[in-house]
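So the chains spell out like this:
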Amino acid sequence: MAPWQLVIVLAACLFSTGDRAALAWERTYYSSVRWLNHGEFERARTVAEAGYGAARGRPQSRAFWTCRLALAESLIELDRTNDALPLLQSAAPASEVEARRLSDLAMVQYRSG
């Protein structure tokens, strides 16, 4: 097989398998958001908790932070602000995620009285 043919085969393999992990956490996250939007807060919590647990080994990743905030938001909606608060205490690595974290933190403070 010619070298350029090997490159094509390798590229095809990478495109078909390279983003499966990213797609899995995105599906988990969007599923949680969908449950939140439908008022199914316990289901949203369960899904977000699974995504958060799966991403714990990558604490600076987008997957970790989006699932972490989705979990906190579901806990806030379940009036479990004491459980949500620890998820919101440390700063996020990206500005857009940090803005959302601060918004969630404000919601906890508002709901706490």
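Summary of the structure given here.

### Observations concerning the packing of helix α3 (residues 41-55) against helix α4 (residues 62-77)
- Running from N to C, α3 and α4 point in directions that differ by 150 degrees, and their axes come no closer than 8 Å. When the interaxial angle is binned, α3 and α4 end up roughly antiparallel. Considering the relative orientation of α3 and α4, their crossing is left-handed. In this structure, α3 uses Phe41, Ala44, Arg45, Ala48, Glu49, Gly51, Tyr52 and Ala55 to contact α4, whose residues at the interface are Ala63, Phe64, Cys67, Arg68, Ala70, Leu71, Ser74, Leu75 and Glu77.
- Partitioning the contact of α3 with α4 into residue classes produces eleven nonpolar, two polar and four charged.

### Some details on the side chain of Ser74
- Of note, Ser74 is situated in helix α4.
- Ser74 sits in the buried class, given a relative accessible area of 0%.
- Filtering out sequence-adjacent residues up to four positions away, Ser74 remains in contact with Leu36, Phe41, Ala44 and Arg45.

### Things to note about α4
- Its 16 residues place the ends of α4 22 Å apart at the C-alpha level, agreeing with the 22 Å of an ideal helix rising 1.5 Å per residue.
- Burial within α4 is extensive, with 14 of its 16 residues counted as buried.
- One or two residues past the end of α4 sits Asp79, with phi positive at roughly 60 degrees.

### So, the environment of Ala84
- If you trace the backbone, Ala84 turns up in helix α5 (residues 81-84).
- Classification of Ala84 by relative accessible area gives buried; the value is 0%.
- When the C-alpha atoms of Ala84 and Leu69 are compared, they prove to be 8.9 Å apart, with 15 residues separating the residues in sequence.
- Look past the residues within four positions of Ala84 in its chain and what remains in contact with it is Ala72, Leu75, Ile76 and Val108.

### Comments concerning the nonpolar core
- Counting 22 residues, the largest nonpolar core has Tyr52, Trp65, Leu71, Ala84, Leu87 and Leu88 as the members making the most contacts within it.
- Looking at this core, the elements with two or more residues in it are α2 (20-37), α3, α4 and α6 (95-112).
- Element by element, the count of residues in this core is highest for α4, at ten residues.
- Leaving out residues up to four positions away in the same chain, Tyr52 has contacts with Phe64, Cys67, Arg68, Leu71 and Leu87.

### Some details on the pattern of salt bridges
- Considering all chains together, one arrives at seven salt bridges under this definition.
- Between Glu42 and Arg45 there is a salt bridge whose closest N-O contact spans 2.5 Å. On the criterion of helical spacing, the pair formed by Glu42 and Arg45 is a turn pair, its members being three residues apart in helix α3.
- Owing to a relative accessible area of 37%, Glu42 belongs among the partly exposed residues under this scheme.
- Residue Arg111 pairs with Asp79 through a salt bridge whose shortest N-O separation is 3.7 Å. Taken together, the residues span a long stretch of sequence, with Arg111 in helix α6 and Asp79 in the loop between α4 and α5 at a distance of 32 residues.

Cut-offs used in this document
- Residues numbered from 1 in each chain as written.
- Predicted model: local features only at pLDDT ≥ 70, side-chain atom pairs only at ≥ 80, totals over all residues.
- Heavy atoms only, no water.
- Axes fitted to C-alpha atoms, helices over the stretch in contact; angles between N-to-C directions.
- Helix = DSSP H or I, 4+ residues; strand = E, 2+ residues; numbered from the N terminus.
- Parallel < 35°, antiparallel > 145°, perpendicular 65-115°, else oblique.
- Left-handed = near helix turned anticlockwise from the far one by under 90°.
- Contact = heavy atoms within 4.5 Å.
- Nonpolar A, V, L, I, M, F, W, Y, C, P; charged D, E, K, R; others polar.
- Buried < 20%, exposed > 50% of the residue type's maximum accessible area, 1.4 Å probe, protein only.
- Expected span 1.5 Å × (residues − 1).
- Core = buried A, V, L, I, M, F, W, Y, C linked by side-chain atoms within 4.5 Å.
- Salt bridge = Lys/Arg side-chain N within 4 Å of Asp/Glu carboxyl O.

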